Amino acid sequence: MSVPRRRRRLPDEVRAAAVRAVLSFSFTLVGVVVATLASYAGSWLMTPALMAMGLGVFGTMWCLLEILVSRQVAAQRMRAPNSATPMAGSRAAVQEPLAARPFPRPGQSRGPSQGPSRGQFSGTTR
């Protein structure tokens with residue numbers, strides 16, 4: 001039986017853009033309700049409510065575009081080469097973090113794929 005994958009957390013700028021979009025959409029809906037009730041009552045409040053609703057629609061579309069752009073920027077940042085995070089770079093070049101690898105001790109045999117690299121102690125003395 002397979003374990004369902006946990007969804008990754010959205011980056012902070014994407015979550016902030018999503019919150020702004022939800023707030024803008026909710027204020028637009030409040031403007032629609034106020035404009036509808038003001039039109040039924042024949043009140044002077046209908047004109048400002050319609051103007052606020054139009055601005056709210058524009059603001060909501062702006063926020064939705066901001067979500068799309070910030071998601072693309074965050075995705076590019078995660079795939080960026082020469083990044084300091086272990087999740088960055090191409091998927092084939094991702095290595096396990098340095099903290100997860102034990103420090104090689106002298107005399108310890110290393111696997112064939114883990115030869116000594118630059119700056120590491122190889123376990124032999126000259």
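Scroll up to find the structure this text is about.
Note that this is a predicted model, so its numbers are computed, not measured.

I keep staring at the overall build of the protein chain and nothing clicks. Help me out?
Counting its regular elements, the protein chain contains two helices and zero strands. Expressed as a percentage of its 126 residues, the buried residues of the protein chain come to 15%. When contacts within the protein chain are restricted to residue pairs at least 6 apart in sequence, those whose partners lie at least 24 apart make up 47%. Within the structure as shown, the protein chain displays about 11100 Å² of accessible surface, and the carbon and sulfur contribution to it stands at 64%.

Can you help me understand the side chain of Ser 24 in this one?
One can find Ser 24 in helix 1 (residues 12-41). The buried category is assigned to Ser 24, whose relative accessible area is 14%. Setting aside residues up to four positions removed in sequence, Ser 24 forms contacts with Gly 56, Gly 59, Thr 60 and Cys 63.

Can you help me understand the packing of aromatic side chains in this one?
Where two aromatic rings form a pair, the distance of their centres and the angle of their planes describe that pair. Applying the stated rule across the entire model yields one aromatic pair. A ring pair is formed by Phe 58 and Trp 62, whose centres lie 6.1 Å apart and whose planes are at 40°; its orientation type is tilted. In this pair, Phe 58 and Trp 62 are both assigned in helix 2 (residues 46-78), four residues apart and thus about one turn of the helix distant. A residue is classified by how much of its surface remains accessible, and Phe 58, at 56% relative accessible area, is exposed. What makes Trp 62 exposed here is its relative accessible area of 56%.

Before we go on, may I ask you to explain the environment of Thr 36 in this structure?
For Thr 36, the location among the structural elements is in helix 1. Note on Thr 36: relative accessible area 33%, which makes it partly exposed. Taking the C-alpha atoms as reference points, Thr 36 and Leu 50, 14 residues apart in sequence, are found 9.1 Å from one another. Side-chain polar atoms of Thr 36 contact the backbone oxygen of Val 32, separated by 2.7 Å.

Definitions and limits used
Residues numbered from 1 in each chain as written. Predicted model: local features only at pLDDT ≥ 70, side-chain atom pairs only at ≥ 80, totals over all residues. Heavy atoms only, no water. Helix = DSSP H or I, 4+ residues; strand = E, 2+ residues; numbered from the N terminus. Buried < 20%, exposed > 50% of the residue type's maximum accessible area, 1.4 Å probe, protein only. Contact = heavy atoms within 4.5 Å. Areas by Shrake-Rupley, 256 points an atom, 1.4 Å probe, with all protein chains shown as cover. Phe/Tyr/Trp six-rings, centres within 6.5 Å; stacked < 30°, edge-to-face > 60°. Polar contact = N/O pair within 3.5 Å; in protein donor to acceptor, adjacent residues only side chain to side chain.

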